[in-house]
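Architecture and fold: a report
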Amino acid sequence: MKMTPEEYGELARQASPPSPTGKNLAMAFLVGGGICMLGEGLRLCYRALGATEQNAPTLVSVTLVALAVALTGLGVYDKLAKVAGAGTLVPITGFANAVASPSIEFKSEGLVLGLAAKMFLIAGPVLVYGTAASVAYGVLVWLWGLF
């Protein structure tokens, strides 16, 4: 069946339910902001417990990653993401969820071929690209400094 792009667009529009954009934006804002507020609250708690200004953010990152992985393992993070949408993509927790989800999903394939291999399904390209980009930027800055 041949279909023009306009016909396909109309068919897709009819088949897709309307999205409650205002509600989605509000939930993403509230949940994303809540995760950020949790991070700030953790930072203040760690500072009150005696962590240095340099160590407190690291402790917050580790805590948020551990919390996101635990909630992913318990199936809570996915339920939260259905309600909050993009609000759960706050970088540190969204990345932890993206790393943990495939490894939990494929744990039945064993520790090496399932859990360990699938953990880097998302993280691997990010780490490789991040490392390569930082080297490229470093070389450009170094070369720029020579001229």
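None of the values given here were measured: they were computed from a predicted structure. (Residues numbered from 1 in each chain as written. Predicted model: local features only at pLDDT ≥ 70, side-chain atom pairs only at ≥ 80, totals over all residues. Heavy atoms only, no water.)

**Some details on the overall build of the protein chain**
Counting its secondary structure elements, the protein chain contains six helices and zero strands. For the protein chain, the succession of helices and strands along the chain, N to C, is α-α-α-α-α-α. A burial count over the protein chain gives 20% of its 147 residues as buried. Looking at the protein chain as shown, the accessible area adds up to about 10,600 Å², and 74% of this sits on carbon and sulfur atoms. (Helix = DSSP H or I, 4+ residues; strand = E, 2+ residues; numbered from the N terminus. Buried < 20%, exposed > 50% of the residue type's maximum accessible area, 1.4 Å probe, protein only. Areas by Shrake-Rupley, 256 points an atom, 1.4 Å probe, with all protein chains shown as cover.)

**As for the environment of leucine 30**
By the secondary structure assignment, leucine 30 is in helix H2 (residues 21–48). Classification of leucine 30 as exposed rests on a relative accessible area of 55%.

**Thoughts on the UniProt feature "transmembrane region" (unreviewed entry) in the protein chain**
Following the UniProt record, the feature "transmembrane region" (unreviewed entry) maps to residues 25–46, 58–77 and 120–144 here. Structurally, residues 25–46 is divided into 100% helix and 0% strand, and its ends, taken at the C-alpha atoms, are 31 Å apart. The span residues 58–77 shows a helical share of 90% and a strand share of 0%, and its end C-alpha atoms are spaced 22 Å apart. (UniProt positions renumbered as here; feature names shortened; annotations may be inferred.)

**Focus: the pattern of salt bridges**
Overall, the coordinates contain four salt bridges when judged by the stated rule. Put simply, glutamate 53 and arginine 43 hold a salt bridge, and the shortest N to O gap is 3.4 Å. Pair noted here: glutamate 53 is in the loop between H2 and helix H3 (56–73) and arginine 43 is in helix H2, with a separation of 10 residues, a long-range link. For the salt bridge of glutamate 53 with arginine 47, the shortest nitrogen-to-oxygen distance reads 3.0 Å. Residue glutamate 53 is classed as partly exposed on the basis of its relative accessible area of 42%. Given a relative accessible area of 35%, arginine 47 falls into the partly exposed group. Three or more residues joined by partner-sharing salt bridges are found here, namely Glu40, Arg43, Arg47 and Glu53. (Salt bridge = Lys/Arg side-chain N within 4 Å of Asp/Glu carboxyl O.)

**Overview of the confidence of the model for the protein chain**
When pLDDT drops low, the exact placement of atoms in the prediction is not to be read closely. On average, residues of the protein chain carry a pLDDT of 83, and 81% of them reach 70 or more. Of all helices and strands in the protein chain, the one with the weakest mean pLDDT is helix H6 (residues 111–146) (70), whereas H2 scores best (94). (pLDDT = per-residue confidence, 0-100.)

**Description of the side chain of threonine 93**
Note that threonine 93 resides in helix H5 (residues 91–105). When near neighbours in sequence (up to four residues on either side) are disregarded, threonine 93 contacts Ile35, Leu64, Ala68, Tyr77 and Thr88. (Contact = heavy atoms within 4.5 Å.)

**What to know about the packing of H2 against helix H4 (residues 76–84)**
Relative orientation of the contacting elements H2 and H4 amounts to 135 degrees, with a least axis distance of 8 Å. By the angle between their directions, the pair H2 and H4 is classed as oblique. Along its contact with H2, which presents Met27, Ala28 and Val31, the element H4 presents Leu80, Val83 and Ala84. Of the residues that constitute the contact of H2 with H4, the class distribution is six nonpolar, no polar and no charged. (Axes fitted to C-alpha atoms, helices over the stretch in contact; angles between N-to-C directions. Parallel < 35°, antiparallel > 145°, perpendicular 65-115°, else oblique. Nonpolar A, V, L, I, M, F, W, Y, C, P; charged D, E, K, R; others polar.)

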